[in-house]
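Secondary and tertiary structure notes
Next come the chains, spelled out residue by residue.
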Amino acid sequence: MKNMRILIDTNVIMDFIVKRGSFSDDAETIFNLCMEKREQVCIGAHTITNLFYILRNYLTIEERRDVLLRLCRMFTVVGIDMDKLESALQNTDFKDFEDCLQVECGKDFEADFIITRNKKDFTGSVIPILEPGELIERWQ
């Protein structure tokens with residue numbers, strides 16, 4: 001595996017946790033590869049709050065707490081502070097505030113790539129964007 005730092009977007013984590021259709025295979029491969037280099041993988045703190053809410057349709061509250069606690073222990077969690085909020089709010093290149101916060105967290109982590117299934121949502125990103133399959137090709 002090449003030495004690179006990545007931020008994993010919420011949709012890839014969702015694919016892994018709830019095994020969403022054809023996306024779950026790549027998400028599982030990503031998680032397995034990430035386990036080898038945990039210190040080089042991050043998630044944004046807001047990803048945890050978003051997942052806690054979204055997963056209510058799939059998991060009980062106890063299951064959500066357990067899954068998300070394990071996720072927090074698995075990877076570096078990059079916090080959201082006033083600087084990140086202000087920068088994201090002032091960034092007019094993004095329509096989706098959450099995606100802009102992902103970029104801010106990725107910048108703080110000095111990520112080489114953001115991994116997402118929604119590349120089009122990150123057209124204004126200063127960090128290169130890869131889909132899960134593209135990351136797998138680079139890492140193998």
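For the structure itself, consult the block above.
In this report, we go over the structure that sits alongside the text. (Residues numbered from 1 in each chain as written. Predicted model: local features only at pLDDT ≥ 70, side-chain atom pairs only at ≥ 80, totals over all residues. Heavy atoms only, no water.)

Inspection of every chain in the model, using the stated rule, returns eight salt bridges. Of the charged contacts in the structure, one is a salt bridge between Arg117 and Asp15, with a shortest N-O distance of 2.5 Å. Of this pair, Arg117 sits in the loop between β4 (113–115) and β5 (129–130) while Asp15 sits in helix α1 (residues 10–18), and the two are 102 residues apart along the sequence. On the basis of relative accessible area, Asp15 is assigned to the buried category, the value being 1%. Where Lys119 meets Glu134, a salt bridge forms, and the shortest distance between an N and an O atom there is 3.1 Å. Of this pair, Lys119 sits in the loop between β4 and β5 while Glu134 sits in helix α7 (residues 132–139), and the two are 15 residues apart along the sequence. Residue classification places Glu134 among the partly exposed residues on the basis of a relative accessible area of 27%. When salt bridges with common partners are traced through the structure, they connect Asp15, Arg20 and Arg117 into a single cluster. (Salt bridge = Lys/Arg side-chain N within 4 Å of Asp/Glu carboxyl O. Helix = DSSP H or I, 4+ residues; strand = E, 2+ residues; numbered from the N terminus. Buried < 20%, exposed > 50% of the residue type's maximum accessible area, 1.4 Å probe, protein only.)

Quick look at the side chain of Asp15 now. Here the side chain of Asp15 touches Arg20 through a polar contact of 2.8 Å, side chain to side chain. Contact partners of Asp15, with chain neighbours within four places excluded, come to Arg20, Phe23, Ser24, Ala27 and Arg117. (Polar contact = N/O pair within 3.5 Å; in protein donor to acceptor, adjacent residues only side chain to side chain. Contact = heavy atoms within 4.5 Å.)

Bringing the nonpolar core into the picture now. One recurring pattern in soluble globular proteins is that nonpolar side chains are buried together. In terms of nonpolar packing, the biggest core is built from 29 residues, with Ile6, Ile8, Cys34, Leu71, Ile115 and Leu135 touching the most fellow members. Those elements that provide at least two residues to this core are β1 (6–8), α1, α2 (23–36), β2 (41–44), α3 (45–54), α4 (61–74), β4 and α7. A per-element tally of this core places α2 first, with five residues. Ile115 has contacts with Ile6, Leu7, Ile8, Asp9, Val12, Ile30, Leu130, Glu131, Pro132 and Leu135, leaving out every residue within four places of it along the chain. Among the nonpolar cores identified, the runner-up in size contains 15 residues, and Leu7, Phe94, Cys105 and Ala111 belong to it. (Core = buried A, V, L, I, M, F, W, Y, C linked by side-chain atoms within 4.5 Å.)

The subject of this paragraph is the sheet that holds β5. What the five strands build is an open sheet, ordered β3-β2-β1-β4-β5; its pairing is parallel. Each edge of the sheet is formed by a strand with only one pairing partner; in this case those strands are β3 (76–78) and β5. Two strands pair when backbone bridges link them, and β2 and β3 are joined in this way by three bridges, in the parallel orientation. Directly across from Cys42, in β3, lies its bridge partner Thr76. Across the face of the sheet, α3 comes into contact with β2 and β3 while running at roughly 60° to β2. (Pairing = 2+ DSSP bridges. Axes fitted to C-alpha atoms, helices over the stretch in contact; angles between N-to-C directions.)

Regarding α3, the residues found buried are His46, Thr47, Ile48 and Leu51. The elements touched by buried residues of α3 are α1, β2, α4 and α6 (97–109).

So, on to the layout of surface pockets. With a probe scaled to a water molecule rolled over the atoms, the places where space remains empty come into view. Quantified by volume, the largest pocket comes out at close to 220 Å³. At the level of elements, α1, α2 and α4 are the ones that each hand at least two residues to the lining of the largest pocket. Looking at the lining of the largest pocket residue by residue, the classes come out as nine nonpolar, no polar and two charged. (1 Å grid on protein atoms, 1.4 Å probe; cavity = no way out; pocket = protein on both sides within 12 Å on 5 of 7 lines; lining within 4 Å. Points joined across faces, edges and corners; volume = space filled by probe spheres on them. Nonpolar A, V, L, I, M, F, W, Y, C, P; charged D, E, K, R; others polar.)

We now examine the environment of Phe122. Topologically, Phe122 is positioned in the loop between β4 and β5. The buried category is assigned to Phe122, whose relative accessible area is 2%. Taking C-alpha positions, Phe122 is 8.8 Å from Asp93, a pair spaced 29 residues apart along the chain. For Phe122, the contacting residues outside a window of four places in its chain are Asp9, Phe94, Asp99, Gln102, Val103, Ile114, Thr116 and Ile129.

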